[in-house]
Amino acid sequence: MNKPFLMVVDDDPQVLAAIRRDLRSRYGSTYTVVSAQSGEQALESVRELKARGDALALVVSDQRMPGMQGTELLARTREFHPLARRLLLTAYSDVHAAITAINDAHVHHYLQKPWDPPEERLFPVVDDELDAWQAEYLPEAKGLRLVGHQWAPRSHAIKDFLSANLIPFRWLDVDHHPDAGGLLDAAGVEASALPALFFEDGSVLQDPEPRVVAERLGRSLTAGSNLYDLVIVGAGPAGLAAAVYGASEGLKTLMIDCHAPGGQAGSSSRIENYLGFPTGVSGSELTRRAILQAERLGAEFIVPLEVASVGVDGGYKRLTLRDGREVVTRTIVAATGMSYREHTANGVAEHTGAGVYYGAATTEAPSVAGKRVFVIGGGNSAGQGALYLARYAREVHVVIRRESLADTMSQYLIDQLAKTPNVHLRPRTEVAGVEGDGHVEHIALTSTDSAAAAVEDADAVFIFIGTRPRSDWLPASVLRDARGFVLTGRDLMAHDDFARVWKESRQPLLLETSVPGVFAAGDVRAGAMNRVAAAVGEGSMTVRLVHEYLALT
Ligand SMILES: Cc1cc2nc3c(=O)[nH]c(=O)nc-3n(C[C@H](O)[C@H](O)[C@H](O)COP(=O)(O)OP(=O)(O)OC[C@H]3O[C@@H](n4cnc5c(N)ncnc54)[C@H](O)[C@@H]3O)c2cc1C
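Residues numbered from 1 in each chain as written. Predicted model: local features only at pLDDT ≥ 70, side-chain atom pairs only at ≥ 80, totals over all residues. Heavy atoms only, no water.

### Thoughts on the nonpolar core
Inference 1: In this structure, Phe301 and Val333 are the most contacted members of the largest nonpolar core, which totals 29 residues.
Inference 2: For this core, the secondary-structure elements that each account for two or more residues are strand 10 (227-233), helix 10 (237-248), helix 12 (283-296) and helix 17 (532-552).
Inference 3: What Phe301 contacts, discounting residues up to four positions off in sequence, is Ser220, Leu240, Leu254, Met255, Pro261, Ile291, Ala294 and Glu295.
Inference 4: Counting residues in each nonpolar core, the second largest holds 28 residues, with Ala386, Tyr388, Ala390 and Ile414 among its members. (Core = buried A, V, L, I, M, F, W, Y, C linked by side-chain atoms within 4.5 Å. Buried < 20%, exposed > 50% of the residue type's maximum accessible area, 1.4 Å probe, protein only. Helix = DSSP H or I, 4+ residues; strand = E, 2+ residues; numbered from the N terminus. Contact = heavy atoms within 4.5 Å.)

If you want it as structure tokens, here you go:
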């Protein structure tokens, strides 16, 4: 297998020579650096690499060139090498134009000329981009392969687990992929044992639970210590921030998540409004960086394992995990966020995982290529999901009860949806049911103006209809509001049961719950802002409060 390629494109021979030299000096031993003097020439090379089966990891292109401009080249590169990281080179005077163009061309980063010294202004950016590429790229015929039925809920569960945990794998639909049958025959796997997960060493797991896959991949599901200073439950943005601060400030910190680090944010295809990422950042990219940071600072992770309950024993808290084991800690941060509310229309429950998905747009998008899909809901997550699905599906119908999206979705998403020709808004419409033989084939829709139902063809339905807090695992002494969101700080004092539950001589700390030493951060908390930045802020703050609490005990 050839080394992966890095491509540099500039019409100015001096600039081209300089960037080629810098990249070769740093990356030449692992990557082949090639160059082109125009967008047209570069696109030709991009096509050739694709035809030869070579991997293109990164393209750095100047913006202003005669003929094809940098942004157009980068956008077209995406058609052939969707994983290649795309960097735009701009002059200072072009930065504004570049940022605008970046939104349309899905450029990952822009670099300003000159980039001296490269150790500060070029290599850190390229290092990051190549790390991100490595995390997603899977060489042909290598790595994990998952063979199964597209519409089996267990296939979806394993796909979702692997992608949410940022583990690259290749999906082989047993009914359509030419290699699937041969692979199963060679390993003697029966159709009844699907899905089957094939490892690089030839071993195979048949119909495994995500937990078994995690163990086989070497993930630790056992706590390393008998007693922690801080256990964080939930590894979404709030939990990950608490882990980074907890570990960096010397607390013995354990993080537990029942699914995958990243939480809801991890399922977001593009977070546009997180500080410091002018071109947006995908949830998986943000998560990958946060995990690296938390682990480097010394936080331990147990994923996937659910916390079933908590017992309070004086200053110690005992968490019981779903497999029956216990973890003991002095403080807890509850950062378990929210999950999607279930849709109650006929047929939805039976088809969940078999064409009906909650969120999951990024996991299932490739499998709906060329198909007709429905997105139910009008919030930002529905908008992001619809845009992501529109890259693959033939038609994406967004079903909302209201007249328009104006009150429920951010304007930038409304604008992007309006500009996407295969997205169709279906206002004043409700889902009456879904039907199909083993998987979704039809959806019944009613108009809110009349009761008339119309049945339409549908290959998949993605539901984004609001959320409920994931606070059931906390003890009853942790007071919640009427909807189940956890009360903290001053908000506790207004609760009827506060005086009965709280026996300390002090008032609860800012993000402390009604159980001393148990804190809550992010979307699970009553009054949360439901934003990544807010969750990160609260997660970070809890660590300061944990120190205060520990100093008091
Ligand atoms: C599709 C989508 C797009 C979004 N886009 C944006 C955006 O562009 N900008 C923005 O600011 N916000 C966005 N949001 C909102 C943002 O993602 C959330 O506000 C944020 O993720 C909340 O973080 P959190 O850490 O509080 O909880 P969550 O992200 O919900 O994470 C909670 C974690 O806890 C785990 N967990 C739950 N119960 C247990 C248990 N009992 N045991 C162990 N683990 C448990 C879950 O597996 C999960 O990983 C988006 C949300 C979605 C769904």
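The rest of the description comes next.
### Comments concerning the site of the ligand
Inference 1: The local shell around the ligand holds 37 residues, among which Ala238, Asp257, Gln264, Asp523 and Val532 are the closest.
Inference 2: A distance of 2.8 Å separates an oxygen atom of the ligand from a polar atom in the side chain of Gln264.
Inference 3: Relative to its free-state accessible area of 1,000 Å², the ligand is covered by the protein chains to the extent of 94%.
Inference 4: Of all the elements in the fold, those that place two or more residues in the shell around the ligand are helix 10, helix 11 (263-266), strand 16 (338-340), helix 14 (380-390) and helix 17.
Inference 5: Counting residues per element, the shell around the ligand draws most heavily on helix 11, which supplies three residues. (Near = heavy atom within 4 Å. Polar contact = N/O pair within 3.5 Å; in protein donor to acceptor, adjacent residues only side chain to side chain. Areas by Shrake-Rupley, 256 points an atom, 1.4 Å probe, with all protein chains shown as cover.)

### Observations concerning the packing of aromatic side chains
Inference 1: The tally for this structure, following the rule as stated, stands at nine aromatic pairs.
Inference 2: Plain terms: the ring middles of Phe498 and Trp502 are 6.0 Å apart, the flat faces sit at 15 degrees to each other, and that makes the pair stacked.
Inference 3: The buried category is assigned to Phe498, whose relative accessible area is 12%.
Inference 4: With 6.4 Å between their ring centres and 80 degrees between their planes, Phe519 and Tyr549 make a pair best called edge-to-face. Separated by 30 residues along the polypeptide, Phe519 in strand 26 (residues 518-520) and Tyr549 in helix 17 bring together distant segments of the chain. As far as burial versus exposure is concerned, Phe519 and Tyr549 are alike and both buried. (Phe/Tyr/Trp six-rings, centres within 6.5 Å; stacked < 30°, edge-to-face > 60°.)

### Some details on the sheet that holds strand 6 (residues 144-148)
The strands making up a sheet are joined through hydrogen bonds of the backbone, oriented either antiparallel or parallel.
Inference 1: What the four strands build is an open sheet, ordered 7-6-8-9; its pairing is mixed. Edge positions in the sheet fall to strand 7 (169-173) and strand 9 (204-206), since each of these pairs with one other strand and no more. Neighbour-to-neighbour, the strand axes of this sheet turn through a mean angle of 20 degrees, independent of strand direction.
Inference 2: Sheet topology places strand 6 next to strand 7; five bridges connect them, and they run parallel. Note on strand 7: the bridge partner recorded for Arg145 is Arg170. (Pairing = 2+ DSSP bridges. Axes fitted to C-alpha atoms, helices over the stretch in contact; angles between N-to-C directions.)

### With respect to the pairing of strand 15 (residues 326-334)
Inference 1: Most of strand 15 sits out of view: seven of its nine residues are buried.
Inference 2: Across six bridges, strand 10 lies against strand 15 in parallel orientation. By the bridge assignment, Tyr228 is partnered in strand 15 with Thr329.
Inference 3: Pairing geometry for strand 14 (residues 316-321) and strand 15, over four bridges, is antiparallel. Considered in strand 15, the bridge of Leu319 is made with Val327.

### Quick word on helix 12
Inference 1: The first and last C-alpha atoms of helix 12 sit 20 Å apart over 14 residues, in line with the 20 Å expected at 1.5 Å per residue.
Inference 2: Residues of helix 12 that are buried include every one of Gly283, Glu285, Leu286, Thr287, Arg288, Ala290, Ile291 and Ala294, and no others.
Inference 3: The inward-facing, buried residues of helix 12 contact helix 6 (123-136), helix 10, helix 11, strand 12 (300-302) and helix 17.
Inference 4: Looking one or two residues beyond helix 12, the residue adopting positive phi is Gly298, at roughly 110 degrees. (Expected span 1.5 Å × (residues − 1).)

### Thoughts on the pattern of salt bridges
Inference 1: Taken as a whole and judged by the stated rule, the model has 32 salt bridges.
Inference 2: A salt bridge links Glu44 to Arg47; its shortest N-O distance comes to 3.5 Å. You can see Glu44 and its partner Arg47 sitting in helix 2 (residues 39-52), three residues apart, about one turn around the helix.
Inference 3: Judged by its relative accessible area of 41%, Glu44 is partly exposed.
Inference 4: Taking relative accessible area as the criterion, Arg47 reaches 33% and is therefore assigned partly exposed.
Inference 5: When the shortest N-O distance is used, the salt bridge between Arg428 and Glu403 registers 2.7 Å. Pair noted here: Arg428 is in the loop between strand 20 (423-426) and strand 21 (429-435) and Glu403 is in the loop between strand 19 (395-399) and helix 15 (411-418), with a separation of 25 residues, a long-range link.
Inference 6: Here Arg428 falls in the partly exposed class, since its relative accessible area comes to 31%. (Salt bridge = Lys/Arg side-chain N within 4 Å of Asp/Glu carboxyl O.)

### Some points on the sheet that holds strand 1 (residues 5-9)
Inference 1: Spatially, the five strands line up as an open sheet ordered 2-1-3-4-5, and their pairing is parallel. Because the sheet does not close on itself, it has two edges, and the strands there are strand 2 (32-36) and strand 5 (109-112). Between one strand axis and the next, the sheet turns by 20 degrees as a mean value, whatever way the strands run.
Inference 2: Examined bridge by bridge, strand 3 (residues 56-62) and strand 4 (residues 85-90) share five bridges and lie parallel to one another. Opposite Leu58, over in strand 4, you have Arg85 as the bridge partner.
Inference 3: Contacting strand 1, strand 3, strand 4 and strand 5, helix 6 crosses the sheet at an angle of about 160 degrees to strand 4.

### Notes on the layout of surface pockets
Inference 1: Computed from the structure, the second largest pocket encloses a volume of approximately 290 Å³.
Inference 2: Lining the second largest pocket we find 19 residues, and of these Tyr274, Leu286, Ala290, Gln293 and Val536 sit closest to its centre.
Inference 3: Mapped by element, the contributors of at least two residues to the lining of the second largest pocket are helix 10, helix 11, helix 12 and helix 17.
Inference 4: The greatest single-element share of the lining of the second largest pocket, amounting to six residues, is contributed by helix 12.
Inference 5: A per-class count over the lining of the second largest pocket returns twelve nonpolar, six polar and one charged. (1 Å grid on protein atoms, 1.4 Å probe; cavity = no way out; pocket = protein on both sides within 12 Å on 5 of 7 lines; lining within 4 Å. Points joined across faces, edges and corners; volume = space filled by probe spheres on them. Nonpolar A, V, L, I, M, F, W, Y, C, P; charged D, E, K, R; others polar.)

### Overview of the side chain of Thr446
Inference 1: Relative to the helices and strands, Thr446 is located in strand 22 (residues 442-447).
Inference 2: You can call Thr446 buried: its relative accessible area is 17%.
Inference 3: Apart from the residues within four sequence positions on either side, Thr446 is in contact with Arg428, Thr429, Glu430, Ala432, Ala451, Ala452 and Ala453.

### Structural notes on helix 10
Inference 1: Compared with the 16 Å implied by 1.5 Å per residue over twelve residues, the 16 Å span of helix 10 between its first and last C-alpha is a close match.
Inference 2: Along helix 10, ten of the twelve residues are buried, which leaves the element largely enclosed by surrounding structure.
Inference 3: Listed as buried for helix 10 are Pro237, Ala238, Gly239, Leu240, Ala241, Ala242, Ala243, Val244, Gly246 and Ala247.
Inference 4: Following helix 10 by one or two positions, Gly250 adopts a phi angle in the positive range, close to 80 degrees.

### Things to note about unusual backbone geometry
Inference 1: With an omega dihedral of -10 degrees, the bond running from Lys113 to Pro114 counts as a cis peptide bond.
Inference 2: Tracing the backbone shows Pro114 in the loop between strand 5 and helix 5 (118-121).
Inference 3: For the bond from Leu194 to Pro195, the omega torsion is 0 degrees, close enough to zero to count as cis.
Inference 4: Inspection of the secondary structure puts Pro195 in the loop between helix 8 (180-187) and strand 8 (196-198).
Inference 5: The backbone phi angle of Leu166 is positive, close to 60 degrees, even though this residue is not glycine.
Inference 6: As for its position among the elements, Leu166 is in the loop between helix 7 (153-164) and strand 7.
Inference 7: When its relative accessible area of 26% is taken as the criterion, Leu166 is described as partly exposed.
Inference 8: Here Asn530, not a glycine, exhibits a phi torsion of approximately 60 degrees, which is positive.
Inference 9: Positionally, Asn530 belongs in the loop between strand 26 and helix 17.

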